[in-house]
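These are the residues of each chain, in order.
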Amino acid sequence: MNKMMNTGVTGRKPKYLTILAVIICGVAVNLLGSFIAEQLDIKLFLDSIGTVIASILGGALPGICVGLITNFSKSYSDPTSLFYATLNVLIAVCSSGFARRGMLKRFRGYAVLIFPLAFIGGFVGSILTWFLYGFSEESLAIPFIRDMYEDGKISSFRAQLATDTIIDLYDKAITIVIAYVVIRLLSDEIKNKLYFAGWCQTPLSSEVLKMFRSRKCREVSLRGKLILMITVSLSVVAALSIGISSLLFKDINRNNHESIAENTAALASKIIDPDMVDDYIEEGRSAPGYDEIERMLYDLRDSNEGVEYIYIYRIDEEGCHVVFDLDGIGDDEEKADPPGLLVPYDDSIADHLEEFLKGEKVDSLITDDEYGWLMTLYEPVYNDKGECLCYVCVDIDMTEIKADSYQFIAKQVSLFLGFFILMLETGLWLVEYHIILPVNSMAYSADRFAYNDEGAIEDNVSRIRRLNIQTGDEIENLYQAFTKTTEDTVKYMSDIRAKNETITRMQNGLIIVLADIVESRDKSTGNHIKMTAAYVDIILRRMKEKGLYPDILTEDYILDVVHSAPLHDIGKIQVPDAVLNKPGKLTDEEYEQMKQHTTAGAMIIEQAMTKVSSTEGYLIEARNLALCHHEKWDGTGYPAGLKGEQIPLSARVMAVADVFDALTAKRVYKPSMPIEKVMEIIREGSGTHFDPDVVAAFEESIDRVKAALEGEEDTSMVWGQKRFGEDGPDTKTDA
């Protein structure tokens with residue numbers, strides 16, 4: 001848990017005043033850099049130095065704030081700066097990403113950072129400029145690129161893109177060098193204090209944070225879902241806002257242009273003398289005042305931005321008679337028709353011919369033909385009698401409205417992206433510290449919950465308490481419930497463990513008492529049950545050390561066998577005393593009675609298993625030991641004549657332990673045999689009477705065996721009982 005907790009990172013609660021100071025200093029550095037670049041009149045910006053420093057030291061959120069505030073501040077003197085705020089925001093995200101992934105530990109990482117920042121500021125910025133303002137030859141500040149553009153080797157777009165990218169590469173190189181120097185001058189303690197963390201719990205180490213972020217989920221992580229939810233929500237709101245505002249802008253822009261057309265047409269109608277219309281048609285430029293009126297119409301058109309054409313027609317059943325017609329704007333535009341020319345109706349006029357012939361007011365019409373995409377407004381010119389003698393026609397270029405709409409959308413999107421990233425990062429920051437990290441911390445603690453011993457269990461509770469989650473919401477309630485449940489579970493487990501230990505002691509005690517009762521009938525033996533259990537324990541643990549039977553020789557298995565070892569001769573309770581205690585050699589009939597203690601013991605234990613409805617390992621092994629401890633490796637043993645690994649492992653081990661104790665123990669009918677002689681007998685029986693692996697393990701543990709036999713190794717706790725004293729029960733075992 002100590003590795004989980006972070007001892008060298010920021011404090012518990014966010015230090016808002018410190019972060020505010022970082023943001024203010026970052027904005028000041030940006031504005032100072034921009035001011036210096038302007039004063040030196042160089043083609044650099046130097047307005048993202050503070051953004052990079054704040055992002056590396058404080059994280060993405062302070063860096064984004066620095067970028068946005070910088071561009072908003074600059075917009076007071078240069079309104080276009082507002083639309084480039086997104087670039088500064090992207091620079092903040094990129095810089096903090098490099099720092100977060102530990103890529104800025106050396107200058108090489110800073111050098112690599114130059115290129116993505118130049119891509120954002122130069123390449124992306126140039127594309128944004130193209131959408132907002134189009135192409136300007138003044139932007140081609142690099143001579144060889146200007147020459148390539150003038151020679152027609154590259155297009156205007158590519159020339160501007162290359163120029164902006166190269167210039168920004170220099171700009172970001174200077175930015176990174178300054179940022180590197182400033183950050184290197186700061187101590188690690190100061191850097192830690194400047195990072196904007198919002199811990200609602202005991203801070204975690206960087207290793208654990210990295211592990212949390214790399215953990216896989218079955219489907220989509222909570223972080224991914226929240227990012228998706230926030231992104232979709234903000235995108236939908238932004239799309240609706242931009243769409244509605246774009247429609248309103250387009251409608252307002254169209255109304256403005258229509259108003260310009262109406263005002264232009266109204267002024268033009270006042271310039272013309274209605275009573276002279278016939279003379280203008282018949283005499284043309286020779287008519288009195290014709291040239292003066294035409295000049296006034298040209299002035300009127302040129303003074304109203306967006307007006308493409310002004311022409312005056314008399315519309316009758318024959319067609320459209322040209323009264324006045326002005327040349328189009330530009331050298332390649334349409335030349336004016338001469339006065340008096342009869343022009344056929346175009347589609348827009350033909351569709352409303354009845355209204356034109358009556359001299360009525362006609363709503364503005366939009367056409368898209370060889371003359372372009374135009375909005376045309378027709379203003380009737382009346383004489384004193386109220387008769388319509390002609391129409392003033394004003395064409396407004398609609399492509400300008402379309403271009404304005406696209407430019408407006410580009411500005412909206414540019415502004416939105418900056419705020420979108422700010423809101424997304426803010427949401428993720430809150431979610432990270434208030435939901436994701438607390439939940440992951442609880443899950444991590446639960447995953448590491450250990451049940452192997454009481455100390456580990458207590459450490460589990462202590463580890464969970466040390467999380468100290470204080471989000472002040474449902475997550476904190478969940479943590480409190482989780483902690484209480486864990487503490488209650490640990491208390492319950494401790495109670496169960498204590499009761500289990502008591503039951504185990506009682507169980508082992510009963511086993512020993514039962515075995516003693518059986519053994520006490522044999523007046524020739526002493527500590528047989530104690531010593532055989534000790535030898536079994538020594539043999540099994542040596543076999544485990546050697547890696548034999550890894551799937552079987554677990555700690556639980558060894559304990560089960562050792563605890564049940566005293567019951568291996570329990571079947572002797574059914575052997576008559578006369579046979580059991582006979583000092584001489586048994587007859588064949590008596591030997592058959594003695595051999596029945598194996599099956600009798602198995603039946604006794606099976607009855608016990610049935611009555612307690614238990615499949616506990618120690619009872620299973622007790623049955624195996626009772627039934628099979630006189631089986632032999634070559635199949636000549638009894639009661640079933642099992643061979644090799646058909647014999648349970650526990651019984652094969654007991655066979656060696658039982659024989660060794662029988663031969664080394666002093667009996668009323670024989671003296672004890674020397675260990676060397678006994679070992680020779682056991683080695684001779686390897687592969688016939690005994691399992692060779694068991695014999696090998698026994699031989700390799702002979703030092704421990706001797707220590708146990710001579711009383712130098714405590715064998716009293718092998719099955720959880722106190723060692724018998726000198727006055728303990730005197731038992732006898734027949735091997």
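Residues numbered from 1 in each chain as written. Predicted model: local features only at pLDDT ≥ 70, side-chain atom pairs only at ≥ 80, totals over all residues. Heavy atoms only, no water.

Draft legend 1. Geometry of the environment of Tyr549. Inspection of the secondary structure assignment puts Tyr549 in the loop between α18 (528-545) and α19 (555-564). On the basis of relative accessible area, Tyr549 is assigned to the buried category, the value being 18%. Separated by 100 residues in sequence, Tyr549 and Leu649 have C-alpha atoms that sit 9.3 Å apart. If we ignore the near neighbours within four places in the chain, the residues touching Tyr549 are Met543, Glu645, Leu649, Arg652, Asp691 and Asp693. (Helix = DSSP H or I, 4+ residues; strand = E, 2+ residues; numbered from the N terminus. Buried < 20%, exposed > 50% of the residue type's maximum accessible area, 1.4 Å probe, protein only. Contact = heavy atoms within 4.5 Å.)

Draft legend 2. Up close: helix α2 (residues 49-58). With ten of ten residues buried, α2 lies mostly within the body of the structure. Turning to α2, its buried residues number three or more, namely Ile49, Gly50, Thr51, Val52, Ile53, Ala54, Ser55, Ile56, Leu57 and Gly58. Against α1 (16-40), α3 (60-74), α4 (85-100), α5 (107-133), α7 (156-185) and α8 (188-194) lie the buried residues of α2. Phi turns positive, to about 105 degrees, at Gly59, one or two residues after α2.

Draft legend 3. Here's a closer look at the side chain of Arg652. Within the element layout of this structure, Arg652 appears in helix α24 (residues 649-664). Looking at Arg652, its side chain comes within polar contact range of the side chain of Tyr549, at 2.9 Å. (Polar contact = N/O pair within 3.5 Å; in protein donor to acceptor, adjacent residues only side chain to side chain.)

Draft legend 4. Quick look at the sheet that holds strand β4 (residues 362-369). Spatially, β3-β2-β1-β6-β5-β4 is the arrangement adopted by the six strands of the open sheet, whose pairing is antiparallel. Bordering the open sheet on either side are β3 (342-343) and β4, each of which pairs with just one other strand. Where strand β5 (residues 372-382) and strand β6 (residues 388-397) come together, nine bridges link them in antiparallel fashion. Bridge pairing in β6 places Leu374 opposite Asp397. Each of β1 (307-316) and β2 (319-325) is contacted by helix α12 (residues 290-302), which is oriented at about 85 degrees to β2, the strand it contacts most. (Pairing = 2+ DSSP bridges. Axes fitted to C-alpha atoms, helices over the stretch in contact; angles between N-to-C directions.)

Draft legend 5. Examining the packing of helix α10 (residues 222-271) against α12 more closely. Direction vectors running N to C along α10 and α12 enclose 165 degrees, while the axes themselves pass 10 Å from each other. Between α10 and α12, the angle falls in the class roughly antiparallel. For the pair α10 and α12, the crossing hand works out as right-handed. Two secondary-structure elements touch here, α10 through Thr264, Leu267, Ala268 and Ile271 and α12 through Ile293, Met296, Leu297 and Leu300. (Parallel < 35°, antiparallel > 145°, perpendicular 65-115°, else oblique. Left-handed = near helix turned anticlockwise from the far one by under 90°.)

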